[in-house]
Amino acid sequence: MKKPVHNPREVAEIVAIQALSFVAGDPERLGLFLAETGVGPETLRNAAADPNFLLSVLDFVMRDDATVKAFASSAELHPTNVAAARQVLGDGLGDRSWEHDVP
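Here the structure is a predicted model, which means the values were calculated and not measured.

The rules behind these values
Residues numbered from 1 in each chain as written. Predicted model: local features only at pLDDT ≥ 70, side-chain atom pairs only at ≥ 80, totals over all residues. Heavy atoms only, no water. Axes fitted to C-alpha atoms, helices over the stretch in contact; angles between N-to-C directions. Helix = DSSP H or I, 4+ residues; strand = E, 2+ residues; numbered from the N terminus. Contact = heavy atoms within 4.5 Å. Nonpolar A, V, L, I, M, F, W, Y, C, P; charged D, E, K, R; others polar. Buried < 20%, exposed > 50% of the residue type's maximum accessible area, 1.4 Å probe, protein only. Core = buried A, V, L, I, M, F, W, Y, C linked by side-chain atoms within 4.5 Å. pLDDT = per-residue confidence, 0-100. Parallel < 35°, antiparallel > 145°, perpendicular 65-115°, else oblique. Left-handed = near helix turned anticlockwise from the far one by under 90°.

(A) Spotlight on the packing of helix 1 (residues 8-24) against helix 2 (residues 27-37). Between helix 1 and helix 2, the least distance of the axes is 6 Å, while the angle of their chain directions is 115°. The segment helix 1 lies against helix 2, with Leu20, Phe22, Val23 and Ala24 engaging Arg29, Leu30 and Phe33. Of the residues contributing to the contact of helix 1 with helix 2, the split by class is six nonpolar, no polar and one charged.

(B) Region of interest: unusual backbone geometry. With phi around 55°, Glu76 is a residue other than glycine that occupies positive phi space. For Glu76, the location among the structural elements is in the loop between helix 5 (65-74) and helix 6 (79-92). Accessibility expressed as a relative area gives 73% for Glu76, which makes it exposed.

(C) Region of interest: the nonpolar core. Counting 28 residues, the largest nonpolar core has Phe33, Leu44, Phe53, Leu58 and Phe71 as the members making the most contacts within it. At the level of elements, helix 1, helix 2, helix 3 (44-47), helix 4 (51-62), helix 5 and helix 6 are the ones that each hand at least two residues to this core. Those residues in contact with Leu58, other than ones at most four positions away along the chain, are Ala12, Val15, Ala16, Ala19, Val82, Ala85, Arg86 and Leu89.

(D) Structural detail: the environment of Leu89. Mapping Leu89 onto the fold places it in helix 6. The class for Leu89 is buried, based on a relative accessible area of 0%. With 31 residues separating them in the primary sequence, Leu89 and Leu58 have C-alpha atoms 9.3 Å apart.

(E) Inspection of the confidence of the model for the protein at higher detail. Summing up the model confidence of the protein, the mean pLDDT is 87 and the portion of residues at 70 or higher is 85%. Mean pLDDT values for the elements of the protein range from 87 in helix 3 up to 96 in helix 5.

(F) Expanded view of the packing of helix 1 against helix 4. For the pair helix 1 and helix 4, the least separation of the axes is 9 Å and the interaxial angle reads 60°. Judged by the angle between their axes, helix 1 and helix 4 are oblique. Between helix 1 and helix 4 lies a crossing whose hand is left-handed. Together, Arg9, Ala12, Glu13, Val15, Ala16, Ile17, Ala19, Leu20 and Val23 of helix 1 and Pro51, Phe53, Leu54, Val57, Leu58, Phe60 and Val61 of helix 4 make up the contact between the two elements. Tallied by class, the residues present in the contact of helix 1 with helix 4 amount to 14 nonpolar, no polar and two charged.

Listed below in structure tokens is the structure:
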């Protein structure tokens, strides 16, 4: 039996990996993501170990309401959990860009 994960960073990384799986599950969405990130399909698995890459996955999913809602539904998460995961990963990398979105 797996031990529950309580570390916010680990939870955020798990959400990001789920988001990557969601993106990879749709050829059109995956093609757009690969084109935007410059990552090739052959290096996708290795890139998934990079926290900056995981942050870019969450940014890609969150840039469009329909996509974040579809991902959240497929992962059985509330969309705010996706945003929270993005914030945790960003904070860990010193990225405070999410603060600029808040009025």
